[in-house]
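One letter stands for each residue in the lines below.
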Amino acid sequence: MKIKAPKLKERMTAAGATPEQLAQALAEPGFGVDDATRAIKNWMAGRDYPRCKAKTVGKLAAALSCGSKDLVTFTSQVRHHRGSPRKAGLLAQLIRGKNVDQALNLLTFTPKKAAVNFKKALNAAIADAEQAEADVTALYVSESRVDNGPLIKRFQPKDRGRAHRILKPLAHITISVEERPIKGAR
């Protein structure tokens, strides 16, 4: 889960709440009011530090009198995918902006190796959304991204004692899903 800064700001202005007032609702032993205030200001600026847990998002949503699904996007990652980021990026473009049902169908019938890990990440993000009681039929892929991972370095022996280097790239796959806003509702 990742809190979306524009949604948080919009809900705070609608409720007329300040970060200090919300910090009172989030404070608990080991996470004082000052820590909660800093965290809320970071989330309002779009930084994901500290990482928000489902319990924290629930408290924040209760203080703003809205559902937790209204404040967050549900994100999942597969790190160290054994394949190049360039090849996996084609699948990221394929499913970006699609409904989750349509994206799952595309990934199921795509013959690319990376489709298995994309499907795994998408299913994990959908499961997070279900736990937060989001409407699964209204979910869409809001972000699909592939980042460079580390390189695995291997060597192939050649003639006269030489060796040629072989670089095997890895990739990090990130998928986020959100509920599609209902037309006419604010």
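Everything numeric here is computed off the predicted structure, so don't read it as measured data.

Draft legend 1. Representation of the pattern of salt bridges. Scanning the model with the defined rule gives 11 salt bridges in all. Where Lys55 meets Glu28, a salt bridge forms, and the shortest distance between an N and an O atom there is 3.7 Å. Taken together, the residues span a long stretch of sequence, with Lys55 in helix α4 (residues 54-63) and Glu28 in the loop between α2 (19-26) and α3 (33-44) at a distance of 27 residues. Classification of Lys55 by relative accessible area gives exposed; the value is 52%. Residues Glu143 and Arg145 are paired through a salt bridge, measuring 2.4 Å at the closest nitrogen-oxygen approach. Since its relative accessible area comes to 28%, Glu143 is described here as partly exposed. The partly exposed category is assigned to Arg145, whose relative accessible area is 33%. Through salt bridges that share partners, Lys4, Lys7 and Glu178 make up one connected network.

Draft legend 2. Here's a closer look at the sheet that holds strand β2 (residues 72-81). Spatially, β1-β2-β4-β3 is the arrangement adopted by the four strands of the open sheet, whose pairing is antiparallel. In the strand order of this sheet, the two ends are held by β1 (2-3) and β3 (139-157), each with one partner. When β3 meets strand β4 (residues 163-179), the two strands line up antiparallel, connected through 16 bridges. Bridge pairing links Arg154 to Ile166 in β4.

Draft legend 3. Up close: the pairing of β4. Here β2 pairs with β4 via six bridges, running antiparallel. When the sheet's bridge partners are listed, Phe74 is paired in β4 with Val177. Linkage of β3 to β4, two consecutive antiparallel strands, is achieved through a turn of five residues, within which Arg160 is found at a positive phi near 55 degrees.

Draft legend 4. Spotlight on helix α1 (residues 5-15). Taken together, the buried positions of α1 are Ala5, Leu8 and Met12. Projected down its long axis, α1 carries its buried residues within an arc of 65 degrees, all on one side. Structural note: α1 exposes Pro6, Thr13 and Ala14 on the side pointing more than 90 degrees away from its buried face. Next to the buried residues of α1 lie β1, α2, α3 and α4. Immediately downstream of α1, the backbone of Gly16 shows phi near 70 degrees, a positive value.

Draft legend 5. Main features of the state of the cysteines. If you walk through the whole model with that rule in mind, you get zero disulfides. Here Cys52 is not disulfide-linked; the sulfur of Cys66 is the nearest cysteine sulfur, at 13 Å. Look at Cys66 and you get buried, because its relative accessible area is 17%.

Draft legend 6. Just the packing of α2 against α3, in detail. Two elements in contact, α2 and α3, have axes whose closest approach is 8 Å; the angle formed by their N-to-C orientations is 125 degrees. When the axes of α2 and α3 are compared, the pair comes out oblique. As α2 packs across α3, the resulting crossing turns out to be right-handed. Packed against α2, whose contacting residues are Pro19, Glu20, Leu22, Ala23, Gln24 and Leu26, the element α3 presents Val33, Ala36, Thr37, Ile40, Lys41, Trp43 and Met44 at the interface.

Draft legend 7. Quick look at the environment of Ala23. Take Ala23: it is sitting in helix α2. Relative accessible area serves as the criterion here: at 0%, Ala23 is assigned to the buried category. Distance in space between the C-alpha atoms of Ala23 and Leu60 is 8.7 Å, their sequence separation being 37 residues. Residues within four places of Ala23 in sequence aside, it is in contact with Val33, Ala36, Thr37 and Ile40.

Thresholds applied
- Residues numbered from 1 in each chain as written.
- Predicted model: local features only at pLDDT ≥ 70, side-chain atom pairs only at ≥ 80, totals over all residues.
- Heavy atoms only, no water.
- Salt bridge = Lys/Arg side-chain N within 4 Å of Asp/Glu carboxyl O.
- Helix = DSSP H or I, 4+ residues; strand = E, 2+ residues; numbered from the N terminus.
- Buried < 20%, exposed > 50% of the residue type's maximum accessible area, 1.4 Å probe, protein only.
- Pairing = 2+ DSSP bridges.
- Arc of directions from axis to C-beta.
- Contact = heavy atoms within 4.5 Å.
- Disulfide = S-S within 2.5 Å.
- Axes fitted to C-alpha atoms, helices over the stretch in contact; angles between N-to-C directions.
- Parallel < 35°, antiparallel > 145°, perpendicular 65-115°, else oblique.
- Left-handed = near helix turned anticlockwise from the far one by under 90°.

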